[in-house]
Amino acid sequence: MPFNRTVIRMIAQNNLRSTNNDPVESSESYPITGGTNGTGTSRLFRQFGSLFSSPAPTTDPAGYVEFGSISDPVASSGRTLGTFAGVFCPVALSMFSALVFIRVGFIVGNAGLYVTLLQFIIAYVILLFTVSSVCAISTNGAVEGGVMISRTLGPEFGGSIGTLFFLANVVGCGLAISGCAEGIIQNFGPSDGTGSGSIPDGRWWRFLYCSSLNTLMLIVVLIGAEMFAKTSMMILGVVVICLLSTYVSFLTQGPMDVSIPHENSLVNFTTARYTGLQADTLWSNLHTNYTKDYTSNGNQVNFAVVFGVLFSGVTGIMAGANMSGELKNPSKSIPAGTLSAVLFTFLCYMALSVLIAATTTSTLLQNNFLFLGPINLWPTFVTIGILTATFSTGLSNLIGASRVMEALAKDRVFGPLMSFVVKGTYKNNPIAAVIASWVLVEAILLIGSLNTIAQINSVLFMLAYLATNLACLGIEITGAPNFRPTYKYFTWHTAFIGLLGTAIMMFVINSIYALSSIILCLLLVIALHLFSPASQGAQWGSISQALMFHQVRKYLLMLDSRKDHVKFWRPQMLLLVSSPRSCCPLIHFVNDMKKGGLYVIGHVKVGEFADNDSSNDPTIEEYTQWLSLVDHMKVKAFVELTLSRNVREGIQHLIRISGMGAMKPNTTILGFYDEEQSKDFFEHEDSPYKTSEFDGNGIKLFPYRKSGESKSLGVVDYVRIIDDVLRMRKNLCLCRHFHRLDKQMIARNNHIRYIDVWPVNIFEPKNEDPFDVVSQFMMQLACIINMLPVWKKLELRVFLCESETVSENSAAFERPAEHRLDQRLKLLRISASIHKIPEWNKDIDFAKHRNIIKQFTGNSDSSQLMAEENINRSKLYMQRINQLIRDRSNATAVTFMYLPTPPATPSVDYKEKCHHYLDLLTELTFDLPPTILVHGIDAVTSTTL
C-alpha cells in the first residue's frame, strides 16, 4: 500500500538509573546482585543511523525522526527516471549485448535450431523466475540502489554475493567491450588473407582497442548515470532499427558467397555459402553439429560452451535494479520494465534463430561469426548495431558495477577498506567506484577470448541469480510477517525453480568456474563474518537470522524433555553473576565446563517495577550491555536479566524462566559468600580481560562492592538460596577463589599439574561417599574440564578418604574400597589416579566429631549444639581437614569438593545453624586453589553407551 512518509518516534531513555543495592557477596559471582547501573544511553539511534544509505534522517524539535519513502517527493529528489528510460531500455540493451549480432550464428551453427530454441527457453525460464524474485524484493518496501541482495541476505552472505555480482558486472563489461572490438576489427581491420585494412589486427592491437573503448565508457559514465539513461533510449532505437534491417535482409536477400575471416586458420577454404530462405538449409540446421571454435585457439565446442555464450548475452535483468537509486518509483518500474524487456528480447532472439537456421549454411555459421554484415542489404546497419549494442551493454555493466561497489562501501561490508569509494562520490555519482571498476575491466580484457570471458560471466551472474532466489526462498520459508511483496506472481515455487535451475546450469556451463566461484563466495562469507564491521551490528538484518529462528523453533518443539536419557546428559549451566568485573575467570571457566551444553549468565536487578521513574523495564537497556559483555568475554552464553524485590526471589525467577522447552539449565552456579576483596579485571593491568569498553562518560558499567561497603544480602538469605536451588531439583556449585585462576599460566607453567576431586562428605563421611550421586556428578564435571585443550595436560586425581567404621575389619575394607573405586572409574571411562589419605583415620577422630557436625544440618535442639565448645571443636575439625587438603594442593589448578546439604528448615535455631554452616564451609575452603563445592541431584553418568 503506498505511503507518503514513514515516521518513527524514538523516545530516548537517557541516564536511566536505579538504586544500586549491589551486594557482591563474592569476589567472583553471585552473590547475587542488587543491580548493575548502566549509562542509560540508548543505542537505538546508533543502530538506525546506517539503516538507510540515502536520504539521511532529519530530526524535528518534537523528537520525530523522518525517513523519506519511495513516493515521497523530498526523498525522491534526484530521482528522475521512469519505467521505460530507467528500466526497459537498460535491461533490453543489456540482454541484446554482444550476442544479438555476433554470436547467435555461432550458437545455431553448432547446437542446431532445436537445441538453440531449447537453450533459449531454459535460459529465459531461469531469468523469468529470477525476475520474479527481483520483483518480489523491489515491491516489498523502499529500494536503494544496488543493495537489494546484500541487505536481504545480510552482511556475510549478502556481502559476498554482492561482491561476486560486482565482479559479474565487471566481467560483463569486459565481454561487451571484447564484442565491440571484434566488430570493429571485422569491419575496419584486415578482411582477407592479404592483411589489408584501415587498422592493424593482433592480440595486443585488440587489447589497445578494448582499452580505448573502456576509457571512452569511463568518460561517459563519469558524466553521470542520468546522461546514459537519456542516451540509452536513443541507442535502443538504433539497435532495434539495425535488428529490423537484419530481419528484412533474411527475407529478401538471395544466395551469395561470404568470405571467411583471415584469423580463422582451422579451414583451408576462403568462402562459405549463404542460401537465403530454403527448406533444405533449415532441415540441415535442425540438429547439433559441434566443431572447433576458431576464436579460442581451436577449442572443441559442446553444449556447455554454447549455453555459456548464450546465457552471457541475456544476463541483463538486473540492469533496471541497478538504476533503482535514480528511479522515481522503483517498486513499480522494476517489475513492469524488467518483465516487458525480457519478453521483448525473447521474441527477438527466437525469431532471429529461426531466420538464421533457414537461410545460412552451418559451414558459414561455424566459420564466420560476423556473417550478418555481408548478407545485410545495408551492411553499415549491422556495424552500427554491433557497436551500439555492445557499447551500451558495457556502459550498463560499468554503471551497475560501480553502483554495487558504492552500496558495499556505504554499508561498510568491508569496513574502512572501501572508504575511498564513499569519499570519492560527487553529486551522487560514485567517481571512485567507477574508476576502480574501470581498472578491473582492464584486467579482464587481458583474457582476450570472448567465448572464455562469456563462460566466466555466465557463471558469476548465475551465482548472483542463485543468491537472489535463495534470499526470497529463505524469507518465504521462514514466513517473515514483513515480507509482503505486492508482486502477485511470486511464490516459493518460483524461487525454488529459479534456484535449482541456476545451480544446475552453473555446473553445466563450466564446473571448474562454478566450483571456484562458490569457494570464493564461501571464503568471502567466512572473512566477512570474522572481520566485517557490518556483521557485528543489526543495521539491516540478515536472512540467516530468520532461517536460524525458523529451524531452532522447529527443533526445540521436537526436543522432548520426557525422552531425556542419562547416556546423553550434558551440563546446562546457569551462572548467577553480581558484577562481571570481578568474576571474569569464573565466566570463562564455566564456559569450558558446559561441554557444548546450554550456558546462561543470569543477573538479578533489585527494585520494584512501579518504583522506577521510567515507564520502561530498566533491564531492557542493560540487556545490550550484557550482550556486549558476552562478546568481549568471547563465551558462548545467553543472558537472562530479571527485576525483583530481593535477590532470593529474583534467583527463583531465573531458575524457572531460563532456557526454553527442553533446553533449560540443570545446574546452578553461585559465587561463595566471603569477605575477600573484589578485583576489577577490566582495569587491572595484567588482566587478559582488560578493556575500557564499559567505562564511558565517567560511569562504570557493572559496578561491584568496594572495600568497606556493606552487603545487602545476609548469610541466612544466602543459605536459603542454596536450599531453594536444591529443592528446585537443580545441581548446585559454589565457587570460591576463582579470582586466582589464570588459564594462561596453566598453559605455560608446568608446575600446575592436577585437577583434584575430593568425593567425601566432610560433614558426614561414609565409605559409600565416592559412589553416591553427588560424587559421581563431581567426577563428571572434573572429567569434562580435563577433556579440553588447555586442561588436557593436567592429571585428574581422586582422593579416597575412608572412615574407620569397623576397626577389626579395617584392613579388609581398605583394598575393596580402592578396588571398587578403580572399577567404577574404568566403567565410567574416566582416566584418573586414586590417592589414599592415610592420615584420614589416624589424625582425625571422626567418631568424635561426626555427630556434632551432623546436628548442624538437622533439626536437633540447639541448646547443646551451639555450645561454644562444640562450635570451636567443629571449626577445629574443619581447619585440620583444610590443612590436609592444602598440603596436597601445591600443584593443583582446580579442586572439586563435596557440598553438604544446608540446615533443614524450619527450625527454632535456623539462623544460628545457617551462620555456622557457612562458617564451616569457609574454614574448609580457606586458602585453597580455585574450589568448586558440588552437590548433584540426579545421576549424570552411564556405564554403557
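Per an unreviewed UniProt entry, the protein chain goes by the name Solute carrier family 12 member 9 and belongs to Anopheles merus. Reading the Subcellular location (unreviewed entry) entry of the UniProt record for the protein chain gives the comment "Membrane". UniProt lists a comment for the protein chain under the heading Sequence similarities (unreviewed entry), and it reads "Belongs to the SLC12A transporter family."

Colleague: Could you give an account of the overall build of the protein chain, with specific residues and numbers?
Modeller: Each helix and strand in the protein chain was counted, giving 33 helices and 21 strands. In the protein chain, which comprises 945 residues, the share counted as buried stands at 56%. Look at the contacts in the protein chain between residues 6 or more apart in sequence, and 83% of them connect residues 24 or more apart. If you sum the accessible surface of the protein chain, you get close to 39700 Å²; carbon and sulfur atoms cover 58% of it.

Colleague: Give a description of the nonpolar core that names residues and reports values.
Modeller: Core analysis: the largest hydrophobic core is formed by 143 residues, its most contacted members being F101, F250, F311, V314 and Y349. No other element matches the 22 residues that helix α3 (residues 99-138) contributes to this core. The residues touching Y349, leaving out its near neighbours within four places in the chain, are M95, F96, L99, V100, V104, F120, Y124, G313 and V314. If you look at the next biggest cluster of nonpolar residues, it comprises 65 residues, including F694, L701, I784 and L794.

Colleague: Kindly report on the packing of aromatic side chains, identifying the contributing residues and their values.
Modeller: Per the stated rule, a full pass over the model turns up 29 aromatic pairs. Centre to centre, the rings of W569 and F777 are 6.0 Å apart; their planes meet at 80°, and the pair counts as edge-to-face. With W569 in the loop between α20 (543-558) and β10 (573-576) and F777 in helix α26 (residues 773-786), the pair connects residues that are 208 residues apart, well separated along the chain. By relative accessible area, which is 0% here, F777 ends up buried. A ring pair is formed by W626 and F702, whose centres lie 5.0 Å apart and whose planes are at 70°; its orientation type is edge-to-face. One end of the pair, W626, is in helix α22 (residues 618-633); the other, F702, is in the loop between β15 (699-700) and α24 (715-727), and 76 residues separate them in sequence. Here W626 falls in the buried class, since its relative accessible area comes to 0%.

Colleague: Can you explain the pattern of salt bridges? Please cite residues and give values.
Modeller: Evaluated as defined, the whole model comprises 20 salt bridges. In this structure, R103 and E182 form a salt bridge, with 2.9 Å as the shortest nitrogen-oxygen distance. Placement of R103 in helix α3 and of E182 in helix α5 (residues 155-188) is noted, with a sequence separation of 79 residues between them. A relative accessible area of 1% places R103 in the buried class. Two residues, D724 and R727, come together in a salt bridge whose shortest N-O distance is 3.2 Å. With D724 and R727 both in helix α24 and 3 residues apart, this pair spans about one turn of that helix. What makes D724 buried here is its relative accessible area of 6%. By relative accessible area, R727 is classed as exposed at 57%. Salt bridges sharing common partners tie together R648, D723, D724 and R727.

Colleague: Report on the environment of K875, specifying residues and quantitative values.
Modeller: Looking at where K875 falls in the secondary structure, it is placed in helix α32 (residues 868-886). According to the relative accessible area criterion, K875 is partly exposed, its value standing at 24%. The contact partners of K875, leaving out residues within four places of it in the chain, are H916, D919 and L920.

Colleague: Describe unusual backbone geometry, listing the residues and the values that go with them.
Modeller: Across the chain, the bulk of peptide bonds are trans and the bulk of non-glycine residues have phi less than zero. Positive phi values are uncommon outside glycine, yet K595 reaches one of about 50°. Within the fold, K595 resides in the loop between α21 (584-593) and β11 (599-606). For K595, a relative accessible area of 35% gives the class partly exposed. For H737, which is not glycine, the phi dihedral falls at a positive 70°. With respect to the secondary-structure elements, H737 resides in the loop between β16 (731-736) and α25 (743-748). Taking the relative accessible area as the measure of exposure, H737 reaches 1% and is therefore buried.

Colleague: Mind laying out the sheet that holds strand β20 (residues 892-898), listing which residues take part and the relevant values?
Modeller: Spatially, the 10 strands line up as an open sheet ordered β12-β11-β10-β13-β16-β21-β20-β17-β18-β19, and their pairing is mixed. This sheet does not close on itself; its edge strands, each paired only once, are β12 (638-644) and β19 (833-836). This sheet shows a mean twist of 25° between the axes of neighbouring strands, independent of strand direction. Note: strand β13 (residues 667-671) against β16, 5 bridges, orientation parallel. Bridging across to β16, G671 finds its partner in C735.

Colleague: Just give me the short version of the pairing of β13, but keep the residues and values in it.
Modeller: Counting buried positions along β13 yields 5 of 5 residues, so the element is predominantly enclosed. Of the two faces of β13, the one lined by T667, I669 and G671 and the one lined by T668 and L670 are each fully buried. Taken together, the 3 bridges between β10 and β13 define a ladder with parallel strand orientation. Each bridged residue has a counterpart across the sheet, and for M573 the counterpart in β13 is T667.

Colleague: If you had to explain a nonpolar patch on the surface to someone new, which residues and values would you point to?
Modeller: A contiguous nonpolar surface patch, about 660 Å² in accessible area, is contributed by I121, V125, W492, F496, I497, L500, I504 and V508. Of all the secondary-structure elements, those providing two or more residues to the nonpolar patch are α3 and α18 (492-509). Here the nonpolar patch takes 6 residues from α18, the largest share from any one element. Following the sequence through the fold, V125 ends up in helix α3. According to the relative accessible area criterion, V125 is partly exposed, its value standing at 36%.

Definitions and limits used
- Residues numbered from 1 in each chain as written.
- Predicted model: local features only at pLDDT ≥ 70, side-chain atom pairs only at ≥ 80, totals over all residues.
- Heavy atoms only, no water.
- UniProt positions renumbered as here; feature names shortened; annotations may be inferred.
- Helix = DSSP H or I, 4+ residues; strand = E, 2+ residues; numbered from the N terminus.
- Buried < 20%, exposed > 50% of the residue type's maximum accessible area, 1.4 Å probe, protein only.
- Contact = heavy atoms within 4.5 Å.
- Areas by Shrake-Rupley, 256 points an atom, 1.4 Å probe, with all protein chains shown as cover.
- Core = buried A, V, L, I, M, F, W, Y, C linked by side-chain atoms within 4.5 Å.
- Phe/Tyr/Trp six-rings, centres within 6.5 Å; stacked < 30°, edge-to-face > 60°.
- Salt bridge = Lys/Arg side-chain N within 4 Å of Asp/Glu carboxyl O.
- Pairing = 2+ DSSP bridges.
- Axes fitted to C-alpha atoms, helices over the stretch in contact; angles between N-to-C directions.
- Patch = residues over 30% accessible without salt bridge, like charges linked within 9 Å, V, L, I, M, F, W, Y side chains within 5 Å.

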